[in-house]
Amino acid sequence: MIIGERVTLRALFRDDAQQILEWVNNPKLKYLTGTVYPVSEVEHEKWFENKLNEKVNKIFGIEEHTTNSLIGVIGLNNTDFINRNAELYIYIGDESHWGKGLGTDAVRALISFVFDELNLHRVSLVVFSYNKRAISAYEKVGFVSEGVMRDSLFKDGKYHDKILMAIINDKDKSHI
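Everything quoted here is computed from the prediction, not taken from an experiment.

Space inside the largest pocket adds up to approximately 1,200 Å³. Thr 33, Tyr 89, Ile 90, Tyr 91 and Tyr 138 are the residues nearest the centre of the largest pocket, which is lined by 41 residues in total. Put simply, the parts of the chain that give the lining of the largest pocket at least two residues each are α2 (27–33), α3 (41–53), β4 (70–80), β5 (85–92), α4 (102–116), β6 (122–128) and α5 (132–141). Looking at side-chain class alone, the lining of the largest pocket contains 23 nonpolar, twelve polar and six charged residues.

What follows concerns the packing of α4 against α5. At a minimum axis distance of 9 Å, the contact between α4 and α5 shows a crossing angle of 40 degrees. The angle between the axes of α4 and α5 places the two elements in the oblique class. For the pair α4 and α5, the sense of crossing is right-handed. For the pair α4 and α5, the contacting residues are Thr 104, Val 107, Arg 108 and Ile 111 in the first and Ala 137, Tyr 138, Lys 140 and Val 141 in the second. Of the residues belonging to the contact of α4 with α5, the class tally is five nonpolar, one polar and two charged.

Next up on the list: the packing of aromatic side chains. In the structure shown here, the tally under the stated rule is six aromatic pairs. Taking 6.4 Å as the distance between ring centres and 90 degrees as the angle between the ring planes, the aromatic pair formed by Trp 23 and Tyr 91 counts as edge-to-face. Taken as a pair, Trp 23 in helix α1 (residues 17–24) and Tyr 91 in strand β5 lie far apart in primary sequence, 68 residues in all. Of the residues examined, Trp 23 reaches a relative accessible area of 5% and is grouped as buried. On the accessibility criterion, Tyr 91 (13% relative accessible area) is buried. Summarising the aromatic geometry, the rings of Tyr 138 and Phe 143 are spaced 5.7 Å apart at their centres and angled 55 degrees between planes, so their arrangement reads as tilted. By relative accessible area, which is 2% here, Phe 143 ends up buried.

Moving on: the side chain of Asp 16. Note on placement: Asp 16 falls in the loop between β2 (7–10) and α1. Assessed through its relative accessible area of 7%, Asp 16 is described here as buried. One polar contact links Asp 16 to Arg 10, side chain to side chain, over a distance of 2.7 Å. Here Asp 16 is in contact with Arg 10, Ala 11, Phe 48 and Leu 70, once residues within four sequence places are set aside.

Burial runs high along β6: five of the seven residues are buried. In terms of strand pairing, β5 meets β6 through three bridges, oriented parallel. Across the sheet, Glu 87 pairs through a bridge with Ser 124, a residue of β6. For the crossover from β5 across α4 to β6, the handedness is right-handed. Across seven bridges, the pairing between β6 and strand β8 (residues 158–168) is antiparallel. Among the inter-strand pairings, Arg 122 is bridged to a residue of β8, identified as Ile 168.

It is characteristic of soluble globular proteins that their nonpolar side chains tend to be buried jointly. Among the nonpolar cores identified, the biggest contains 32 residues, and Leu 9, Ile 74, Leu 88, Ile 111, Tyr 138 and Phe 143 are the most heavily contacted of them. Those residues in contact with Ile 111, other than ones at most four positions away along the chain, are Leu 88, Val 123, Val 141, Phe 143 and Ile 167. The next biggest cluster of nonpolar side chains, apart from the first, holds eleven residues, and it includes Ala 17, Ile 20, Val 73 and Tyr 91.

The end-to-end C-alpha separation of α3 is 18 Å, in line with the 18 Å expected for 13 residues at 1.5 Å each. Every buried residue belonging to α3 is among His 44, Phe 48 and Lys 51, and all of these are buried. Axial view of α3: buried residues confined to an arc of 60 degrees, hence all on one face. Turned more than 90 degrees away from the buried face of α3 sit Val 42, Lys 46 and Asn 50, all of them exposed. Against α1, β3 (59–64), β4 and β5 lie the buried residues of α3.

The rules we used
- Residues numbered from 1 in each chain as written.
- Predicted model: local features only at pLDDT ≥ 70, side-chain atom pairs only at ≥ 80, totals over all residues.
- Heavy atoms only, no water.
- 1 Å grid on protein atoms, 1.4 Å probe; cavity = no way out; pocket = protein on both sides within 12 Å on 5 of 7 lines; lining within 4 Å.
- Points joined across faces, edges and corners; volume = space filled by probe spheres on them.
- Helix = DSSP H or I, 4+ residues; strand = E, 2+ residues; numbered from the N terminus.
- Nonpolar A, V, L, I, M, F, W, Y, C, P; charged D, E, K, R; others polar.
- Axes fitted to C-alpha atoms, helices over the stretch in contact; angles between N-to-C directions.
- Parallel < 35°, antiparallel > 145°, perpendicular 65-115°, else oblique.
- Left-handed = near helix turned anticlockwise from the far one by under 90°.
- Contact = heavy atoms within 4.5 Å.
- Phe/Tyr/Trp six-rings, centres within 6.5 Å; stacked < 30°, edge-to-face > 60°.
- Buried < 20%, exposed > 50% of the residue type's maximum accessible area, 1.4 Å probe, protein only.
- Polar contact = N/O pair within 3.5 Å; in protein donor to acceptor, adjacent residues only side chain to side chain.
- Pairing = 2+ DSSP bridges.
- Right-handed = clockwise from strand over helix to strand, strands pointing away.
- Core = buried A, V, L, I, M, F, W, Y, C linked by side-chain atoms within 4.5 Å.
- Expected span 1.5 Å × (residues − 1).
- Arc of directions from axis to C-beta.

Dropping the structure here:
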């Protein structure tokens, strides 16, 4: 487990699968994550099983401390231990927990873990320009914008930008 101030990042349990499937198919969340197609139960079961068995690109459930209930997921993709970087993704699936700083706490906890325990140097992510709440959360943790992929998402009849953000482990610069 990875303990934040207000959330705990924990391994996923098989019992979490149904809740995550509901979140993945929630239109409000799909808008924020860019998911287009509905996800079937069969597709989700295969994806979930693969994630449970993943050794490098881990996914964690986000539990709020006060209720010990699953409120979202956070994880890493494209982890590269040679170049010491990875890509982060997160969503708070339980809408009643949106805008309360729990995602920020989860990101902060995972970043501390990957820098201190996994010895990574850089973590990046891509966020849609209209997801102002997420951008603000990432900036609070220390992510900075590194570039814009202009008009790279077509959603709701118009184009939107994707913003590439990253955070660098400043402790690594002490030897330079």
